[in-house]
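These are the residues of each chain, in order.
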Amino acid sequence: LPYYSVRMRASKSKPHEEGGKHISGGEQLVLFDEIRGAVDKLLLKSLTHSRGTPDFAQIQFEIVDEPIQVISPLTITTHITHSVDEGQLLAQNLLMKCGVPFHIIQKAYLLMEDHAELSGAILIDSKTGRRLDESHGNGKGIRVSRMDWRDENFKKWNREIAANQNDRLKEAITLASKVSMHQATVAELCWSDDPDYTTGYVASKKFGYQRITSLKEYGDEQGCRIFFVNSSEDITKYIDYLKKNPVLIQW
Ligand code: PML
């Protein structure tokens, strides 16, 4: 049976390519009979986000012709940290363990701050600190798409492994597992742009999904999603993989 990619994006003021504020986005990969449920879930998500009420939203679905790749979720580790400083220091240490030099991490943070209105991920060359995605879109980062984790399978994993975390974790680890699967990914650094959510992570194939409970202060709407990339790989192909290759997580 074919799968369908269902996507949502919501913003305030104007469609966000034209400069509106990004509110939320979402991805699902479902069977035909599940499209209606997926649209409903994404609509609800777009209407109830703590970044605000959208005045523009788009939900679309399309059939996926490429074969679905089934992969395992990254292993998960949770670090309880008690301050943003402690959380950030830990994140930087993990990135360095993945092979990203300290000065490149610093450069990446500066690039993030310069582009506060991102709705996707920025790609940084892990050797030079250069941004690699700008010529491949609208400058708002790369949106990773076409990935999901079937509910029953996620719930079982969540019960047995993750001690019943929220759906945010499901979406994040699904994305991180797809991203880290590709050999061009050195590591990912992410935290939410939701002002009510301070947990983020460093993900890599080698160390898995390393959650950190305090990567920013409550009330802060500045999120972060950086992929540190090995630029000796073909970047156009890599971005194509991130956007187009359908991936299902199965535990
Ligand atoms: C987001 O949903 O905006 C990113 C959330 C990252 C952390 C999810 C978690 O591990 O709890």
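Before reading further, recall that the structure is shown in the block above.
So, how was this worked out
- Residues numbered from 1 in each chain as written.
- Predicted model: local features only at pLDDT ≥ 70, side-chain atom pairs only at ≥ 80, totals over all residues.
- Heavy atoms only, no water.
- Helix = DSSP H or I, 4+ residues; strand = E, 2+ residues; numbered from the N terminus.
- Rg over C-alpha atoms; globule rule 2.2 N^0.38 Å.
- Buried < 20%, exposed > 50% of the residue type's maximum accessible area, 1.4 Å probe, protein only.
- Contact = heavy atoms within 4.5 Å.
- Areas by Shrake-Rupley, 256 points an atom, 1.4 Å probe, with all protein chains shown as cover.
- Lys, Arg positive; Asp, Glu negative; His and termini not counted.
- Charge placed at Lys NZ, Arg CZ, Asp CG, Glu CD.
- Core = buried A, V, L, I, M, F, W, Y, C linked by side-chain atoms within 4.5 Å.
- Axes fitted to C-alpha atoms, helices over the stretch in contact; angles between N-to-C directions.
- Parallel < 35°, antiparallel > 145°, perpendicular 65-115°, else oblique.
- Left-handed = near helix turned anticlockwise from the far one by under 90°.
- Phe/Tyr/Trp six-rings, centres within 6.5 Å; stacked < 30°, edge-to-face > 60°.
- Pairing = 2+ DSSP bridges.
- Near = heavy atom within 4 Å.
- Polar contact = N/O pair within 3.5 Å; in protein donor to acceptor, adjacent residues only side chain to side chain.

## As for the overall build of the protein
Reasoning step 1: Broken down by element type, the protein carries six helices and twelve strands.
Reasoning step 2: Taken against the 2.2 N^0.38 rule, which gives 18 Å for 251 residues, the C-alpha radius of gyration of the protein at 17 Å falls within 12% of a compact globule.
Reasoning step 3: Judged by the C-alpha coordinates and their principal axes, the protein covers about 50 × 40 × 40 Å.
Reasoning step 4: The buried share among the 251 residues of the protein stands at 51%.
Reasoning step 5: A fraction of 70% describes how many contacts in the protein between residues 6 or more apart in sequence connect residues 24 or more apart.
Reasoning step 6: Total accessible area computed for the protein in this model is approximately 12000 Å², and 51% of it derives from carbon and sulfur atoms.
Reasoning step 7: Considering the protein, the positive charge centre built from 32 side chains and the negative charge centre built from 34 side chains are found 2 Å apart.

## Some points on the nonpolar core
Reasoning step 1: One finds Tyr-209 and Phe-227 to be the most contacted residues of the largest nonpolar core, which totals 33 residues.
Reasoning step 2: Those elements that provide at least two residues to this core are β7 (147–149), α4 (151–160), α5 (167–181), β9 (200–204), β11 (224–229), α6 (235–244) and β12 (247–249).
Reasoning step 3: The biggest single contributor to this core is α5, with six residues.
Reasoning step 4: Filtering out sequence-adjacent residues up to four positions away, Phe-227 remains in contact with Ala-121, Ile-122, Leu-123, Ile-124, Val-144, Leu-175, Val-179, Ala-187, Glu-188, Tyr-238 and Leu-242.
Reasoning step 5: If you look at the next biggest cluster of nonpolar residues, it comprises 23 residues, including Ala-108, Val-186, Ile-212 and Phe-228.

## Remarks on the packing of helix α2 (residues 84–97) against helix α3 (residues 102–114)
Reasoning step 1: α3 packs onto α2 with a crossing angle of 125° between their chain directions and a minimal axis gap of 9 Å. By the angle between their axes, α2 is oblique relative to α3. Pair α2 / α3 crosses with right-handed handedness. Contacts between α2 and α3 involve Gln-88, Gln-92, Leu-95 and Met-96 from the first element and Phe-102, Ile-105, Gln-106 and Tyr-109 from the second.

## Describing the packing of aromatic side chains
Reasoning step 1: All told, the structure shown has seven aromatic pairs when counted by the stated rule.
Reasoning step 2: Judged by centre distance (6.2 Å) and plane angle (35°), the rings of Tyr-109 and Trp-191 are tilted. A residue pair is termed long-range when its members are at least 10 positions apart, and Tyr-109 in helix α3 and Trp-191 in strand β8 (residues 185–191) qualify at 82 residues. Here the two residues Tyr-109 and Trp-191 agree in accessibility, since each one is buried.

## Remarks on the sheet that holds strand β2 (residues 21–31)
Reasoning step 1: Strand order across the open sheet formed by three strands is β2-β1-β3, with antiparallel pairing between neighbours. Of all the strands in the sheet, the pair left with one neighbour each is β2 and β3 (56–64). Geometrically, the sheet is characterised by an average inter-axis angle of 10° between neighbouring strands, direction not taken into account.
Reasoning step 2: Seen against the sheet, helix α1 (residues 35–47) touches β1 (3–12), β2 and β3 and runs at an angle of roughly 165° to β2.

## Here's the deal with the site of the ligand
Reasoning step 1: All residues adjacent to the ligand are Arg-168, Leu-169, Ala-172, Ser-192, Tyr-197, Thr-199, Tyr-201, Tyr-209 and Arg-211.
Reasoning step 2: Within the side chain of Arg-168, a nitrogen or oxygen atom sits 3.1 Å from an oxygen atom of the ligand.
Reasoning step 3: Within the side chain of Arg-211, a nitrogen or oxygen atom sits 2.5 Å from an oxygen atom of the ligand.
Reasoning step 4: For the ligand, the protein covers 90% of the area, taking 330 Å² as the surface of the free molecule.

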